[in-house]
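Tertiary structure, described
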Amino acid sequence: MKTVVMRELVIGEGMPKICVPVVGRTLDGILAQVEALRDVSFDVMEWRADFYELVEDMDAVRGVLGEIRTVMPEKPLIFTFRSETEGGERMLCVEHYVALLKMVMASGYVDAVDVELFKGDAEVAELVNEAKKHDVKVVMSSHDFEKTPGEDEIVARLCKMQELGADLPKIAVMPHNAADVLTLLLATNRMVTEFADRPVITMSMAGLGLVSRLTGEVFGSALTFASVGEVSAPGQIEVETLRQVLDVLHSNK
């Protein structure tokens, strides 16, 4: 199993790493959230740019990235534009989406970008190749806010992400009952034990799926998301609480 290194952080060994999203709608709101993270114990920061009111302005996005780096220069940074169809705040046409991610990769400010699996194989391949040029990692993602697909489908999506060159394949699904949560956990374990040659990220959302955000070290998910204030997806809990649970599970493994 390969690991993924962003700055000095190694993903894929030891405890699952904690990612905290920044979801401000204005530059001031974004920077206030980043500043508030200074005294928080976390590993990776994700800027959810689909929340940003000027996200369609490339120069504005580049400027925000520079400001984030000034405030928080030491932590790995993931850039994510989450499309509305995947649970995000808005949509961009595919051409603008690709152009935005390419600009971000070339900016020198980010360590990783989120690339949505279902943007189209050609577009995904183009973005993966561009990321390699700039030594930027790719978190390739699929989100289902309606249901939990079957175990075979979850594994198939993660395998396809791996084949397309994702550094970190990621899937998030919505459970309707405890069996759905088990499906996600079983699929994660199967992927990691039978197919994966790199770390994967999986989660079952909402309160029902919370256990999946806590037990990554048991079932195989290498990174989990926590909140500091506003959440970016249902089921996220406060980062301090998450850290305590991860520490307990790790120390008793």
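Conventions we followed
- Residues numbered from 1 in each chain as written.
- Predicted model: local features only at pLDDT ≥ 70, side-chain atom pairs only at ≥ 80, totals over all residues.
- Heavy atoms only, no water.
- Buried < 20%, exposed > 50% of the residue type's maximum accessible area, 1.4 Å probe, protein only.
- Helix = DSSP H or I, 4+ residues; strand = E, 2+ residues; numbered from the N terminus.
- Pairing = 2+ DSSP bridges.
- Right-handed = clockwise from strand over helix to strand, strands pointing away.
- UniProt positions renumbered as here; feature names shortened; annotations may be inferred.
- 1 Å grid on protein atoms, 1.4 Å probe; cavity = no way out; pocket = protein on both sides within 12 Å on 5 of 7 lines; lining within 4 Å.
- Contact = heavy atoms within 4.5 Å.
- Expected span 1.5 Å × (residues − 1).
- Core = buried A, V, L, I, M, F, W, Y, C linked by side-chain atoms within 4.5 Å.
- Salt bridge = Lys/Arg side-chain N within 4 Å of Asp/Glu carboxyl O.

Here we take up the pairing of strand 7 (residues 137-144). Taken across its eight residues, strand 7 has seven buried, putting it largely inside the fold. For strand 6 (residues 112-116) and strand 7, the ladder comprises five bridges, and the chain directions are parallel. Counterpart to Val 115 in the pairing with strand 7 is Met 140. Regarding topology, helix 4 (residues 121-133) serves as the crossover connection from strand 6 to the parallel strand 7, and that connection is right-handed.

Moving on, we come to the UniProt feature "binding site: 3-dehydroquinate" (unreviewed entry) in the chain. What UniProt calls "binding site: 3-dehydroquinate" (unreviewed entry) maps, in this numbering, to Glu 46, Trp 47, Arg 48, Arg 82, Arg 213, Ser 232 and Gln 236. Those annotated residues that line the second largest cavity are Glu 46. Within the secondary structure layout, Glu 46 lies in strand 4 (residues 44-48). When residues no more than four places from it in sequence are discounted, the contact partners of Glu 46 are Cys 19, Val 20, Pro 21, Val 22, Ile 78, Thr 80, Arg 82 and Phe 225. Within the secondary structure, Arg 48 is located in strand 4.

The next subject is helix 9 (residues 239-251). Helix length check: helix 9, at 13 residues, gives a terminal C-alpha distance of 18 Å against a target of 18 Å (1.5 Å per residue), a fit within 8%. The secondary structure elements touched by the buried residues of helix 9 are strand 3 (17-22), helix 7 (210-214) and strand 10 (223-225).

Grouped burial of nonpolar side chains is what soluble globular proteins tend to show. Counting 65 residues, the largest nonpolar core has Trp 47, Val 61, Phe 79 and Leu 100 as its most contacted members. Take this core: its biggest share by element is seven residues, from helix 3 (residues 94-107). Residues within four places of Trp 47 in sequence aside, it is in contact with Val 22, Ile 30, Tyr 52, Val 61, Val 64, Leu 65, Ile 68, Leu 77, Ile 78, Phe 79 and Thr 80. Residues Met 6, Leu 9, Ile 11 and Ile 78 belong to the second largest nonpolar core, which totals 19 residues.

This next bit is on the pattern of salt bridges. Applying the stated criterion across every chain, the model contains 19 salt bridges. The partner of Glu 116 in a salt bridge is Lys 119, and the shortest N-O contact between them spans 2.8 Å. Given the relative accessible area of 13%, Lys 119 is considered buried. Asp 152 is the partner of Arg 190 in a salt bridge, and the nearest nitrogen-oxygen pair spans 2.7 Å.

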